[in-house]
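Understanding the architecture of this molecule
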Amino acid sequence: MRPPYVGLEVPPPYSGDNTYAEGEIAKIRAAGRIASRALDAVGDAVRAGITTAELDRIAHEYVVSHGAYPSTLGYRGYRASSCTSVNEVICHGIPDDTVLREGDIVNVDVTAYLDGYHGDTNRTFRVGAVSEEVDQLVERTHEAMMRGIRAARPGRQVNVIGRVIETYAKRFGYGVVRDFTGHGVGSSFHSGLIIPHYDSAPSYADVIVPGMVFTVEPMLTLGTHEWDQWADGWTVTTRDKSITAQFEHTVVIREDGFELLTVSE
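Residues numbered from 1 in each chain as written. Predicted model: local features only at pLDDT ≥ 70, side-chain atom pairs only at ≥ 80, totals over all residues. Heavy atoms only, no water.

A few words now on helix α4 (residues 159-170). Helix length check: α4 (twelve residues) gives 17 Å between terminal C-alpha atoms against 16 Å at 1.5 Å per residue, within 8%. Taken as a whole, α4 has its buried residues at N159, V160, I161, G162, I165, E166, Y168 and A169. Along its buried surface, α4 packs onto α3 (132-151), β6 (175-176), β8 (194-195), β9 (213-216) and β10 (219-221). (Helix = DSSP H or I, 4+ residues; strand = E, 2+ residues; numbered from the N terminus. Expected span 1.5 Å × (residues − 1). Buried < 20%, exposed > 50% of the residue type's maximum accessible area, 1.4 Å probe, protein only. Contact = heavy atoms within 4.5 Å.)

If you want it as structure tokens, here you go:
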């Protein structure tokens, strides 16, 4: 089953909220598990000499062979089943004949649509041995995401997530990308809820409540947070061409914390 936006220039507006009942959360979890396992398959294939198009093929085949649809395929005209962002590409890199080289990093973003619900996740993979500076960036970006997720508790505003992420990132002098954010997800790919990854207070003051589902997906850089976009209308790079890493989970808020919905088990 394809999402209703496939074939449309603009997705239909979302009229619901960002909280879900347990039966709906179970469907988001099922979609998220497929997306996570697709990334497992991609990660097993990452090596010097492979192209980003081949990684996209692996993700696509895993998702569709498990009864789901790759949410990016046909979203606002996007033509691939994943986003593959190499080195200085912050996000939305389009898979093509780019060959990965030893020492590169590549972020692969996969969303699966299953039974009317989306599960959205991404990871940054190392291609062989990377420099210590880049290795630390990757590790710390994952830690920044998890710190932001752990800060998301009922009664707090969503901007606490970005405050925690930016505070951690500043310890290492990293840039924190501001203009590309986390988002509400579930029956809609992007619900309109914005989850900032920087200290945006008092803006983005939506109150976190149990049952709320959204992504946390910080993008940290070795340089500036400023960015440029290619003429393809999708690919976003750091303005200074510094290396950047990203990780993403879809999460649901619980009374006493959170649950990750994009895990393989």
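A word on the side chain of T244. Structurally, T244 is set in strand β13 (residues 244-246). T244 sits in the buried class, given a relative accessible area of 5%. In terms of polar contacts, T244 uses its side chain to reach the backbone carbonyl oxygen of L220, at 3.0 Å. (Polar contact = N/O pair within 3.5 Å; in protein donor to acceptor, adjacent residues only side chain to side chain.)

Here the focus is the nonpolar core. Counting residues in hydrophobic clusters, the biggest one holds 31 residues, and the most contacted among them are I105, I161, I195, F214, V216 and L220. Mapped by element, the contributors of at least two residues to this core are α3, α4, β9 and β14 (249-254). Top contributing element to this core by residue count: α3, with seven residues. Beyond its immediate stretch of four places on either side in the chain, I161 contacts G148, A152, I195, P196, F214 and V216. Ranked by size, the runner-up nonpolar core spans 24 residues in total, among them V46, V86, V108 and F125. (Core = buried A, V, L, I, M, F, W, Y, C linked by side-chain atoms within 4.5 Å.)

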